[in-house]
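Spelled out from the first residue to the last, the chains are:
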Amino acid sequence: MAANGTGLPMARKPLAKIVTDDKQGNGMCHDDSAKGVKAQTIDELHFLQKKRSAPTTPLEGNQGAFASLPDDERRRQQLQSISASLASLTRGTGPKVVRGDPAAKSSQAVEHVVHRHHHHVEPPAISVSDDSSLKFTHVLYNLSPAGALATLSGAKTGRSPRDKRVVMDDTTQNELWWGRGSPNIEMDEHTFLVNRERAVDYLNSLDKVFVNDQFLNWDPQNRINVRIVSARAYHSLFMHNMCIRPTDEELENFGTPDFTIYNAGQFPCNRYTHYMTSSTSIDLNLARKEMVILGTQYAGEMKKGLFSVMHYLMPKRQILSLHSGCNMGIDGDVALFFGLSGTGKTTLSTDHNRYLIGDDEHCWSDYGVSNIEGGCYAKCIDLSREKEPDIWNAIKFGTVLENVVFDEHTREVEYGDKSVTENTRAAYPIEYIPNAKLPCIGPHPKNVILLACDAFGVLPPVSKLNLAQTMYHFISGYTALVAGTEDGIKEPTATFSACFGAAFIMLHPTKYAAMLAEKMQKHGATGWLVNTGWSGGSYGSGNRIKLAYTRKIIDAIHSGSLLNATYEKTDVFGLEIPTEIEGVPSEILRPENTWGDKKAYKNTLLKLGGLFKNNFETFTNYKIGKDTKLTQEILAAGPNF
């Protein structure tokens, strides 16, 4: 977005059409998931990523540099803390960590050895049973970007939710959501420690490790300190972009991290270890405040792993964690956008008339909303300057491009090439977006917008929700995808993902919904259900609701004019729909008016209502508070027939 000299966003540019492209329909939030890489060997993988062409004169890239070193005492404390983080549970000590490049001369590197009282180098204590004591581990700490990076995540090009485990102990057994519908798969403390030891031993065996000390949550009163220890520069730069970057002064007071990730990357877990189902394991231990990653190099595991941690920690502080986009108008009105893949969450929350607070992860506290992250993790398959100019322009110095295909000589990226995977991504700092609001915080939301791409074609383009209905549809997390058959006959497939992010939530969905309703009621926010899918029939017979109409609806929500509209109630779902919206044909606002076959409409509406009821059976036995009143109110807000 070009600057206009006023500091305010300029007029909106044309945005990309909403595309429904997710065909998994497995009931989980799967924005990050993808099929395995299309290669059998490492050489083949690199061949897929690098397209050959006639060589040209190579361009000289910018050379990065280490950030200036702090004073000796601060360096000693930092390295001592890192050594403690890498301590082996069996040996009880961490490695001798050294600041800097392991390629440097040993005489230079030795000057940075951690020591306690003297300026000369103390010889390491050698244990006969511990050969690792004979070596130093070089720490590359909070490095600054040295340029844009195109990289491969190896065999895993998406998250591995079936390999994610959470330690069940006396506390988490009662606090977390377990069982049917839950993303939380249990493991015991002993197995976690086995995997932790394996990851730490691997990291300690390396000549160098990357360490990032960073923050989560732009709300300074509820900020979380995280430490990420990894084996690859790719992972270090990725987290540098995705977390909040501390200043030098903030690093001086960083102290002991609140949570630590040990990312062993490609090094596998032991398949014979209890609970393991593959060579990949992503393990969370909330009591130890640690996460271990083995057997996958997909960087999204770190991002979403920390999001899961925030889904556990923030509600303990009466702060609601949300898988949503968030933007703010010039007058300070904030809107939250929820929606699964293909609903248009990114497209509709990207508005050049409004400021972007964040694109994916947020907290709602007593002070307002705040972005959890310091960056964006955008899909870039089929990316073009015309469709997504902000993302296109954000791919520059410091950005990580993951699993993209590029010309090995010109280094030009072919965004439409799916040779490696369809799940190509770009990770960049949020300040690379021109209309980002910095710091990424805002007042309490006025509107909560739930997006659904209804391929059945029976939900209204927009409905105003009461609190119970907002909770019901928030817990349901509905969208409908288009699935094909061998005969070429296509029909919608309903997908439900609790709280619009079932893969990441830790507590029972009803707890998050109750917090959402409480905050909406306290701060006067209005809930809306917006259908970005079909009208006049299901997929194949009806038509996709025009993006221009959806934009007009969203604009009317932002301006507050939709609150003053006249409303009618629908059958089955009991939704309140406006009779008129400026710029939107009135006949499409009531779905049955657009269907030629009224009987087919009624049957399809009842079918969808039945799918909602079947999905909600997972949550009907859960009680909020001392009685079932609120639960009954939520149930009554669903389809009634």
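Remember, it's a predicted structure, so these values are computed and weren't measured experimentally.

> What am I meant to see in the overall build of the chain here?
Along the backbone of the chain there are 15 helices and 31 strands. In the chain, buried positions account for 56% of the 641 residues. For the chain, the computed accessible surface area is about 27,700 Å², with 50% contributed by carbon and sulfur atoms.

> Which parts of the structure should I look at to understand the sheet that holds strand E11 (residues 290–294)?
Hydrogen bonds between backbone atoms are what pair the strands of a sheet, whose relative direction is either parallel or antiparallel. Ordered by their spatial adjacency, 9 strands build an open sheet running E2-E3-E7-E8-E9-E11-E10-E5-E6, and the pairing between neighbours is mixed. At either end of the open sheet lies a strand with only one pairing partner, and these are strand E2 (96–99) and strand E6 (186–187). Pairing of strand E5 (residues 164–167) with strand E10 (residues 281–285) involves 3 bridges; the strand directions are parallel. Each residue of the ladder has a partner; that of Val-166, found in E10, is Leu-284. Relative to the sheet, helix H2 (residues 72–85) contacts E2, strand E3 (136–141), strand E7 (208–216), strand E8 (224–230) and strand E9 (259–263), its axis offset from that of E2 by approximately 135°.

> Quick question: what am I supposed to make of the packing of aromatic side chains here?
Any two aromatic rings considered together are summarised by their centre-to-centre distance and by the angle between their planes. Applying the stated criterion across every chain yields a total of 18 aromatic pairs. For the ring pair Phe-474 and Phe-500, a centre distance of 6.4 Å and an interplane angle of 45° mean the geometry is tilted. Of the two residues, Phe-474 is situated in helix H11 (residues 467–476) and Phe-500 in the loop between strand E26 (490–496) and helix H12 (509–523); the sequence distance between them amounts to 26 residues. Each ring, one from Phe-496 and one from Phe-612, has its centre 5.1 Å from the other, and the planes form 85°; the classification is edge-to-face.

> Hey, could you run me through the pairing of strand E13 (residues 325–328) in this one?
For a regular strand, the rule is simple: side chains alternate between the two faces of the sheet. What you see with E13 is no split at all: Gly-325 and Asn-327 on one side and Cys-326 and Met-328 on the other are buried throughout. As judged from the 4 bridges shared by E13 and strand E14 (residues 334–338), these two strands associate in the antiparallel manner. By the bridge assignment for E14, Met-328 is matched with Val-334. The hairpin formed by E13 and E14 contains 5 residues between the paired strands, and Gly-332 there has a positive phi angle of roughly 95°.

> I tried to follow unusual backbone geometry on my own but got confused; where do I start?
Most of the time, phi is negative for any residue but glycine, and the peptide bond is trans. The step from Leu-438 to Pro-439 runs through a cis peptide bond, and the omega angle for that step is -5°. Positionally, Pro-439 belongs in the loop between strand E21 (425–429) and strand E22 (441–442). One non-glycine residue, Asn-403, lies in positive phi territory at about 65°. The topology assignment puts Asn-403 in the loop between strand E19 (400–402) and strand E20 (406–407). Residue classification places Asn-403 among the buried residues on the basis of a relative accessible area of 0%.

> Would you mind showing me how to read the nonpolar core here?
Where a protein is soluble and globular, its nonpolar side chains tend to be buried together. Ranked by size, the top nonpolar core spans 116 residues in total, and within it Trp-364, Tyr-428 and Tyr-478 carry the most contacts. Both domains that furnish three or more residues to this core are identified here as domain 1 (161–319 + 365–432) and domain 2 (444–637). Not counting residues within four places of it along the chain, the set of residues in contact with Tyr-478 comprises Leu-451, Ala-452, Asp-454, Phe-456, Leu-459, Ala-494, Thr-495, Phe-496, Phe-500, Leu-608 and Phe-612.

> Mind showing me how you'd approach H2 here?
Helical periodicity: at 3.6 residues per turn, an α-helix aligns residues three or four positions apart in one direction. Its 14 residues give H2 an end-to-end C-alpha distance of 20 Å, which sits within 8% of 20 Å, the value for a rise of 1.5 Å per residue. Those residues of H2 not exposed but buried are Arg-74, Arg-75, Gln-78, Leu-79, Ile-82, Ser-83 and Ser-85.

> I tried to follow the packing of helix H6 (residues 233–242) against helix H8 (residues 300–316) on my own but got confused; where do I start?
Axis angle and axis distance: for two packed helices, these are the angle between their axes and the distance between the axes, and together they describe the pair. Two numbers describe how H6 lies on H8: the axes approach to 10 Å, and their chain directions differ by 40°. Judged by the inter-axis angle, H6 sits oblique to H8. The two elements H6 and H8 cross, and the hand of that crossing is right-handed. Contacts between H6 and H8 pair His-235, Phe-238, Met-239 and Met-242 from the former with Gly-300, Met-302, Lys-303 and Leu-306 from the latter. When its residues are assigned to classes, the contact of H6 with H8 shows 5 nonpolar, 2 polar and 1 charged.

> Please clarify how the packing of H11 against H12 should be interpreted in this entry.
Closest axis-to-axis distance for the H11/H12 pair is 9 Å, and the angle between their directions is 145°. Seen from above, H11 lies across H12 with right-handed handedness. The segment H11 lies against H12, with Leu-467, Thr-470, Met-471, Phe-474 and Ile-475 engaging Pro-509, Thr-510, Tyr-512, Ala-513, Ala-514, Leu-516, Ala-517, Met-520 and Gln-521. When grouped by side-chain class, the residues that make up the contact of H11 with H12 number 11 nonpolar, 3 polar and no charged.

> Explain the environment of Ala-514 to me, please; I cannot follow it from the model alone.
Looking at the secondary structure, you find Ala-514 in helix H12. For Ala-514, a relative accessible area of 18% puts it in the buried group.

> Even after reading the chapter, I still don't get the environment of Thr-90, so can you show me in this structure?
Along the polypeptide, Thr-90 turns up in the loop between H2 and E2. Distance from Thr-90 to Leu-193, taken between C-alpha atoms, is 10.0 Å for residues 103 residues apart in sequence. Polar contacts involving the side chain of Thr-90 include one to the side chain of Ser-88, which spans 3.0 Å. Within the local environment of Thr-90, its side chain forms a polar contact with the side chain of Glu-197, the two groups lying 2.7 Å apart.

> Which parts of the structure should I look at to understand H12?
Helix length check: H12 (15 residues) gives 21 Å between terminal C-alpha atoms against 21 Å at 1.5 Å per residue, within 8%. Among the residues of H12, those classed as buried are Pro-509, Thr-510, Tyr-512, Ala-513, Ala-514, Met-515, Leu-516, Ala-517, Lys-519 and Met-520. Phi turns positive one or two residues past the end of H12, at Gly-524, with a value near 70°.

> What's the story with the confidence of the model for the chain in this structure? I'm lost.
Caution applies to low-pLDDT parts of the model: their predicted coordinates are not meant to be read in detail. Averaged over every residue, the pLDDT of the chain is 86; residues scoring 70 or more account for 84%. Within the model, pLDDT remains below 50 along residues 1–32, and this stretch shows 105 contacts once partners closer than five positions in the same chain are excluded. In the predicted structure, residues 56–70 sits below a pLDDT of 50 and forms 15 contacts with residues beyond four places in sequence or in another chain.

> Where do I start with the sheet that holds E19 in this structure?
With mixed pairing, 4 strands are arranged side by side in an open sheet as E4-E19-E21-E18. Each having just a single partner strand, strand E4 (149–151) and strand E18 (375–379) make up the two edges of the open sheet. Put simply, the sheet's adjacent strands are angled 20° from each other on average, direction ignored.

> Would you mind going over the side chain of Asp-360 with me for this structure?
With respect to the helices and strands, the residue Asp-360 is situated in the loop between strand E15 (355–358) and strand E16 (361–365). A polar side-chain atom of Asp-360 sits 2.7 Å from a polar atom in the side chain of Lys-304. Dropping the residues within four chain positions of it, Asp-360 is found in contact with Lys-303, Lys-304, Leu-322, His-323, Ser-324, Gly-325, Lys-345 and Glu-373.

> Sorry, what's going on with the pattern of salt bridges here?
Opposite charge on two side chains allows them to pair when their charged atoms are near. As enumerated under the stated definition, the model contains 17 salt bridges in all. We note a salt bridge from Glu-175 to Lys-316, for which the minimum N-O separation is 2.8 Å. Placement of Glu-175 in helix H4 (residues 172–175) and of Lys-316 in helix H8 is noted, with a sequence separation of 141 residues between them. Given a relative accessible area of 24%, Glu-175 falls into the partly exposed group. Overall, Lys-316 belongs to the partly exposed group, its relative accessible area being 46%. Note that Arg-590 is salt-bridged to Glu-568, the shortest N-O span being 3.0 Å. Of this pair, Arg-590 sits in the loop between strand E31 (576–578) and helix H14 (598–616) while Glu-568 is found in strand E30 (residues 567–569), placing the two residues 22 residues apart along the sequence. Overlapping salt bridges, with partners in common, bring together Lys-303, Lys-304, Lys-345, Asp-360, Glu-361 and Glu-373 in one network.

Basis of the calculations
- In this convention, every chain numbers its residues from 1, walking through the sequence in written order.
- Restriction of local features to residues with pLDDT of at least 70 applies here, the model being predicted, together with a cutoff of 80 or more for giving and counting side-chain atom pairs; totals for whole chains, interfaces and linings are based on all residues.
- Excluded from the side-chain calculation are hydrogens and water; included are all heavy atoms of the structure.
- For the purposes of this entry, the term helix denotes a DSSP run of H or I that reaches at least four residues, the term strand denotes a run of E that reaches at least two, and both are numbered from the N terminus.
- To sort residues, take the accessible area from a 1.4 Å probe on protein chains only and compare it with the maximum for the residue type: under 20% means buried, over 50% means exposed, and anything in between is partly exposed.
- The Shrake-Rupley method, run with a 1.4 Å probe sphere, supplies the accessible areas, and residue values consider only the shown protein chains as cover.
- At least two bridges found by DSSP between two strands are what make those strands a pair.
- Between two residues, a contact is recorded if the distance between any of their heavy atoms is within 4.5 Å.
- Only C-alpha atoms enter the line fits that serve as axes; for helices the fit covers just the stretch in contact. Angles between N-to-C directions range over 0 to 180 degrees.
- We call Phe, Tyr and Trp rings a pair once their centres come within 6.5 Å, taking the six-membered ring for Trp, and we label the pair stacked below 30 degrees between planes, edge-to-face above 60, and tilted otherwise.
- In plain words, nonpolar cores are sets of buried Ala, Val, Leu, Ile, Met, Phe, Trp, Tyr and Cys residues tied together by side-chain atoms within 4.5 Å.
- All domain edges in this entry derive from an automatic or database-based domain assignment.
- Helices are assigned an expected span. That span is 1.5 Å times one less than the residue count.
- Roughly parallel means an angle under 35 degrees; roughly antiparallel, over 145; roughly perpendicular, 65 to 115; everything else is oblique.
- By the definition used in this description, the sense in which the near helix is turned from the far one sets the handedness, with an anticlockwise turn below a right angle giving left-handed and a clockwise turn giving right-handed.
- Three classes are used, and their members are as follows: Ala, Val, Leu, Ile, Met, Phe, Trp, Tyr, Cys and Pro are nonpolar, Asp, Glu, Lys and Arg are charged, and the others, Gly among them, are polar.
- Polar contact criterion, stated in full: a pair of N or O atoms within 3.5 Å, where within protein one must be able to donate a hydrogen and the other to accept it, and residues adjacent in sequence count only if both atoms are side-chain atoms.
- pLDDT measures how confident the predictor is about each residue, on a scale from 0 to 100.
- By definition here, a salt bridge exists when the distance from a side-chain nitrogen of Lys or Arg to a carboxyl oxygen of Asp or Glu is within 4 Å.

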